[in-house]
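Listed below are the residues making up each chain.
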Amino acid sequence: MIILNATKFCIATFLSNLGDVIYSVVIAWYIADVLQSGFLMGAVLFSLGLSRFIAGLLCGPVIDRIGAKLFLWLSDMIRTIIVLVLAILLWDHTISFVILIMVSVLFGAIDAFYWSASESIKPRLVATEYLSRLNSQYFTVVRTTIILGPLIAAWMVESISIEHSLIAISILYAFSTFLILFIDSKNSHLENINDNNDKTSYFSDLRLGFSFLNRQKMIFYLVITMFFVNIGANGVNVLFPFLAKNVSDDAKYLGYIYSSMSMGSLLTGLIFSVKSIHKVELKIIYLSFLLQATGIAALCFTQNFLIILILVFVIGLIIGFIGVLIPTFVQRSVPIHLLGRVNSIMMAISMLSTPVAQFIFGVSVDYFNIKYLFFIAGALGIVTSLSSLLINVRKGTPRETVM
């Protein structure tokens, strides 16, 4: 039953995330090709990111109280309806600026709830010793959708109308919604579960999540480390198009770079999908951050495209490793009745690094040589991860919570 639950969860995740990726590409193409508005593109992305951040801070207590499974189901159901409404509106006329912004805000909030609920439900699906395997399978599924989604979206845009593309996306969400109904998340494998049934207020629950992070200094340091390391890592995505242009004016070189990184991440996910990690230590996470940052900094020293692809592949491998280690560590270290709150806060802070990185490195490209920016991005990660590693060695590693 536990394996079957995990399988249903992974399939539902695949369908939902595939819908997300295809939707983002189709809407981006609609804005660029039909509306031809750079301002609208920026406004949509900004409203999406801001909504994710705000909802990410606030959604945790609600998920912990009502249940992660319900929010997974509601998230996909609401997205099914929204995308269908957009398809209907497009039959008659173009979608207005206000509607696109409203949809972006809704999608951003739904994303925050969905991601937090996805992390919170995992310990309820499998035993603790299999968490790393489920996290690996989840990570592999998400990376696969990132690779396949743009290809499918491009085919849809060329072969069928945008309206039909939106209907196809809504069908993906609907199938995911259907599968979630049959997931059993009643903690049958957990003993002495400490559910939070106190009649406390929402704001009291919200403060409890921040209070837990404040008490667990090592996890708090992990959140801060993630923020600064992710600024460098997300900044690299802004620099890659300029790196590809320096090598050649052919756009396919940019595709090679992204594919190389994705394949590295996918390989790591596949490896750990069949091999469980029984113990996760913070120092291993910080060492992984350090290796990732070193790989980013190394990109400033070469113009050889083959070496660039190898470095990017290795960075992808490490990203995949980190993507398995962090959720596994958090799920084992945080009491299950607090997972929603803690995960939502961590995700909100982590997601905030994306617009910060895009702004800093996007502006910097106009004033600095990109090889220096790669070095700065890597150096930021190196200094941050080294500092956290030293603090971890001095303070010691927090014990995993018995759930």
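Residues numbered from 1 in each chain as written. Predicted model: local features only at pLDDT ≥ 70, side-chain atom pairs only at ≥ 80, totals over all residues. Heavy atoms only, no water.

As for the overall build of the protein
- A tally of regular secondary structure across the protein gives 14 helices and zero strands.
- Reading the secondary structure of the protein in the N-to-C direction produces α-α-α-α-α-α-α-α-α-α-α-α-α-α.
- Burial statistics for the protein: of 403 residues in total, 51% are counted as buried.
- Relative to all contacts within the protein whose residues are 6 or more apart in sequence, the contacts with residues 24 or more apart total 89%.
- Element-wise, carbon and sulfur atoms account for 69% of the exposed surface of the protein, whose accessible area totals about 18500 Å². (Helix = DSSP H or I, 4+ residues; strand = E, 2+ residues; numbered from the N terminus. Buried < 20%, exposed > 50% of the residue type's maximum accessible area, 1.4 Å probe, protein only. Contact = heavy atoms within 4.5 Å. Areas by Shrake-Rupley, 256 points an atom, 1.4 Å probe, with all protein chains shown as cover.)

Structural notes on the packing of aromatic side chains
- For the coordinates displayed, the defined rule picks out eight aromatic pairs.
- For the ring pair Phe9 and Tyr138, a centre distance of 5.8 Å and an interplane angle of 10° mean the geometry is stacked. With a gap of 129 residues between them, Phe9 in helix 1 (residues 2-35) and Tyr138 in helix 6 (residues 131-159) connect regions that are remote in the sequence.
- For the cation-ring pair, Lys122 lies above Tyr138, with the distance from its terminal atom to the ring centre recorded as 3.8 Å. (Phe/Tyr/Trp six-rings, centres within 6.5 Å; stacked < 30°, edge-to-face > 60°. Lys NZ or Arg CZ within 6 Å of the ring centre and 35° of its normal.)

Here's the deal with a nonpolar patch on the surface
- The grouping of Phe359, Ile360, Val363, Tyr367 and Phe368 at the surface amounts to a nonpolar patch, some 570 Å² of accessible area in total.
- Mapped onto the fold, Phe368 is located in the loop between helix 13 (339-364) and helix 14 (370-395).
- Residue Phe368 is classed as partly exposed on the basis of its relative accessible area of 49%. (Patch = residues over 30% accessible without salt bridge, like charges linked within 9 Å, V, L, I, M, F, W, Y side chains within 5 Å. Salt bridge = Lys/Arg side-chain N within 4 Å of Asp/Glu carboxyl O.)

Comments concerning helix 7 (residues 162-180)
- Counted at 1.5 Å a residue, the expected span for helix 7 with its 19 residues is 27 Å, and the 27 Å between its end C-alpha atoms agrees.
- Of the residues making up helix 7, those classed as buried are Ile162, Glu163, Ser165, Leu166, Ile169, Ser170, Leu172, Tyr173, Ser176, Thr177 and Ile180. (Expected span 1.5 Å × (residues − 1).)

Looking at helix 6
- Helix length check: helix 6, at 29 residues, gives a terminal C-alpha distance of 41 Å against a target of 42 Å (1.5 Å per residue), a fit within 8%.
- The principal kink in helix 6, of about 30°, is found at Leu148, preceding the proline Pro150 by one to four residues. (Bend = angle between axes of the 7 residues up to and from the residue.)

Observations regarding the nonpolar core
- Of all hydrophobic cores here, the largest spans 31 residues; its most connected members are Ile22, Tyr23, Val26, Val83, Phe107, Leu166 and Ile169.
- With eight residues, helix 1 is the largest single contributor of residues to this core.
- In this structure, Tyr23 is in contact with Val83, Leu86, Val103, Phe107, Leu166, Ile169 and Tyr173, ignoring residues within four places of it in sequence. (Core = buried A, V, L, I, M, F, W, Y, C linked by side-chain atoms within 4.5 Å.)

Overview of the confidence of the model for the protein
- Put simply, the protein has an average pLDDT of 81, and 89% of its residues get 70 or more.
- Predicted confidence for residues 399-403 stays below pLDDT 50, and this span has 13 contacts to residues more than four positions away or in other chains. (pLDDT = per-residue confidence, 0-100.)

Points about the pattern of salt bridges
- Under the defined criterion, the tally for this structure stands at six salt bridges.
- Salt-bridge contacts for Arg52 lead to Asp111; the nearest nitrogen and oxygen are separated by 2.8 Å. Taken together, the positions of Arg52 in helix 2 (residues 38-58) and Asp111 in helix 5 (residues 97-121) put the pair 59 residues apart, joining distant regions of the chain.
- Using a relative accessible area of 22% as the deciding quantity, one classes Arg52 as partly exposed.
- Lys283 is the salt-bridge partner of Glu281, the closest N and O atoms lying 3.6 Å from each other.
- Looking at Glu281, the relative accessible area reads 23%, which means it is partly exposed.
- It is possible to trace a salt-bridge network through shared partners that takes in Asp20, Arg52, Asp76, Arg79 and Asp111.

Quick word on the side chain of Asp76
- Relative to the helices and strands, Asp76 resides in helix 4 (residues 68-92).
- If we skip the residues at most four places from it in the chain, Asp76 touches Ser16, Tyr114, Tyr173, Ser176, Thr177 and Ile180.

A word on empty space enclosed by the protein
- Going through the model one piece at a time under the given rule, you end up with two cavities of 30 Å³ or more.
- Reported here for the second largest cavity is a volume of approximately 30 Å³.
- Around the second largest cavity, the lining residues are Leu243, Leu299, Cys300, Thr302, Gln303, Ile370, Lys371 and Phe374.
- Among the elements that make up the lining of the second largest cavity, the one with the highest residue count is helix 14 (three residues).
- Of the residues in the lining of the second largest cavity, the class split is five nonpolar, two polar and one charged. (1 Å grid on protein atoms, 1.4 Å probe; cavity = no way out; pocket = protein on both sides within 12 Å on 5 of 7 lines; lining within 4 Å. Points joined across faces, edges and corners; volume = space filled by probe spheres on them. Nonpolar A, V, L, I, M, F, W, Y, C, P; charged D, E, K, R; others polar.)

Quick word on the packing of helix 4 against helix 5
- Following both chains from N to C, one finds helix 4 and helix 5 inclined at 155°, their axes separated by 9 Å at the closest point. The angle between helix 4 and helix 5 places the two elements in the roughly antiparallel class. For the pair helix 4 and helix 5, the crossing hand works out as left-handed. Every residue of helix 5 that contacts helix 4 at Ala68, Lys69, Phe71, Leu72, Ser75, Asp76, Ile78, Arg79, Ile82, Val83, Leu86 and Leu89 is listed here: Ile99, Val103, Leu106, Phe107, Ile110, Asp111, Phe113, Tyr114, Ala117, Ser118, Ser120 and Ile121.
- Grouping the amino acids of the contact of helix 4 with helix 5 by side-chain chemistry returns 17 nonpolar, three polar and four charged. (Axes fitted to C-alpha atoms, helices over the stretch in contact; angles between N-to-C directions. Parallel < 35°, antiparallel > 145°, perpendicular 65-115°, else oblique. Left-handed = near helix turned anticlockwise from the far one by under 90°.)

Considerations on the packing of helix 4 against helix 7
- Helix 7 packs onto helix 4 with a crossing angle of 160° between their chain directions and a minimal axis gap of 8 Å. As judged from the angle between their axes, helix 4 and helix 7 are roughly antiparallel. Like other packed secondary-structure pairs, helix 4 and helix 7 cross with a definite hand, here left-handed.
- Residues that form the contact of helix 4 with helix 7 fall into these classes: 16 nonpolar, five polar and four charged.

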